[in-house]
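Each chain, letter by letter, is given below.
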Amino acid sequence: MKPRRVVAAVSLVTLLGCQSFQSFTPGPPPPDLDAKEVRVHSLDGSRAVLDSPRREGTRLIGTTDGSHREIALDSIAGFEVKKVSVPRTALLVGGIVLMVYSGLYVIGCYASVENC
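Residues numbered from 1 in each chain as written. Predicted model: local features only at pLDDT ≥ 70, side-chain atom pairs only at ≥ 80, totals over all residues. Heavy atoms only, no water.

J.: Please clarify how unusual backbone geometry should be interpreted in this entry.
T.: Trans peptide bonds make up most of the peptide bonds, and negative phi angles are found at most residues other than glycine. At Ser 52, a position not held by glycine, the phi torsion is positive, near 50°. With respect to the helices and strands, Ser 52 occurs in strand S3 (residues 47-56). For Asp 65, which is not a glycine, the phi torsion comes out positive at approximately 55°. Relative to the assigned elements, Asp 65 resides in the loop between strand S4 (59-64) and strand S5 (67-72). (Helix = DSSP H or I, 4+ residues; strand = E, 2+ residues; numbered from the N terminus.)

Structural data, given as structure tokens:
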């Protein structure tokens, strides 16, 4: 496999695998919300994840599992935005680098005449 493809695959896994909902914010989302996914906490205790959310008037509109969904802003207790988690990403990248280094070290030990 070409090195560029390996780097691209690791980058894709890193970005997709290291996302999480972060920073619970009380109240409804702001009008200028710029997020691909939002977890909405309702006043009744229920939660819903909206894809491609946007505010229109007094409603938050998005999709849930491919279905259109609208939630009244006055029924929202708070929300979380899905973002890349820097600590998780750093841990994953560090783990990958450590595994590659260890693998190369072991291969080098078996390939050399001297013991490691």
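J.: When you look at the side chain of His 41 in this model, what are you seeing that I'm missing?
T.: Note that His 41 resides in strand S2 (residues 37-42). Accessibility expressed as a relative area gives 16% for His 41, which makes it buried. In terms of polar contacts, His 41 uses its side chain to reach the side chain of Glu 80, at 2.7 Å. In this structure, His 41 is in contact with Phe 24, Ser 46, Arg 47, Ser 75, Ile 76, Ala 77, Gly 78, Phe 79 and Glu 80, ignoring residues within four places of it in sequence. (Buried < 20%, exposed > 50% of the residue type's maximum accessible area, 1.4 Å probe, protein only. Polar contact = N/O pair within 3.5 Å; in protein donor to acceptor, adjacent residues only side chain to side chain. Contact = heavy atoms within 4.5 Å.)

J.: For this particular structure, what's the right way to read the sheet that holds S5?
T.: Hydrogen bonds along the backbone pair up the strands of a sheet, which may run parallel or antiparallel. Strand order in the open sheet formed by 6 strands is S1-S6-S2-S3-S4-S5, and the pairing between neighbours is antiparallel. The open sheet has two edge strands, strand S1 (19-26) and S5, and neither has a second partner. Along the sheet, successive strands turn relative to each other by an average axial angle of 40°, direction set aside. Sheet topology note: the S4/S5 ladder contains 6 bridges and is antiparallel. Its bridge partner lying in S5, Arg 59 is registered against Ala 72. (Pairing = 2+ DSSP bridges. Axes fitted to C-alpha atoms, helices over the stretch in contact; angles between N-to-C directions.)

J.: Just to check I follow, could you spell out the nonpolar core for this structure?
T.: For soluble globular proteins, the rule of thumb is that nonpolar side chains tend to be buried together. Counting 12 residues, the largest nonpolar core is built from Leu 33, Ala 35, Val 38, Val 40, Ala 48, Leu 50, Leu 60, Ile 71, Leu 73, Ile 76, Phe 79 and Val 81. Element by element, the count of residues in this core is highest for strand S6 (residues 76-84), at 3 residues. Look past the residues within four positions of Ile 71 in its chain and what remains in contact with it is Val 40, Ala 48, Leu 50, Thr 58, Arg 59, Leu 60 and Ile 76. (Core = buried A, V, L, I, M, F, W, Y, C linked by side-chain atoms within 4.5 Å.)

J.: What should I look at first to understand the environment of Thr 63 in this one?
T.: Within the secondary structure, Thr 63 is located in strand S4. Exposure remark for Thr 63: the relative accessible area of 30% places this residue in the partly exposed category. Residues within four places of Thr 63 in sequence aside, it is in contact with Val 49, Leu 50, Asp 51 and Arg 69.

J.: Would you take a moment to explain the pairing of S2 for this structure?
T.: Taken residue by residue, a regular strand's side chains alternate between the two faces of the sheet. Here S2 runs beside S3; their pairing, made up of 5 bridges, is antiparallel. By the bridge assignment, His 41 is partnered in S3 with Arg 47. Linking S2 back to S3 in an antiparallel pair, the connection comprises 4 residues, with Gly 45 at a positive phi of about 95°. With 5 bridges connecting them, S2 and S6 associate as antiparallel partners. Looking at the pairing, Ser 42 lines up with Ile 76 of S6.

Spatial relationships are all this shows, so hold off on functional conclusions.
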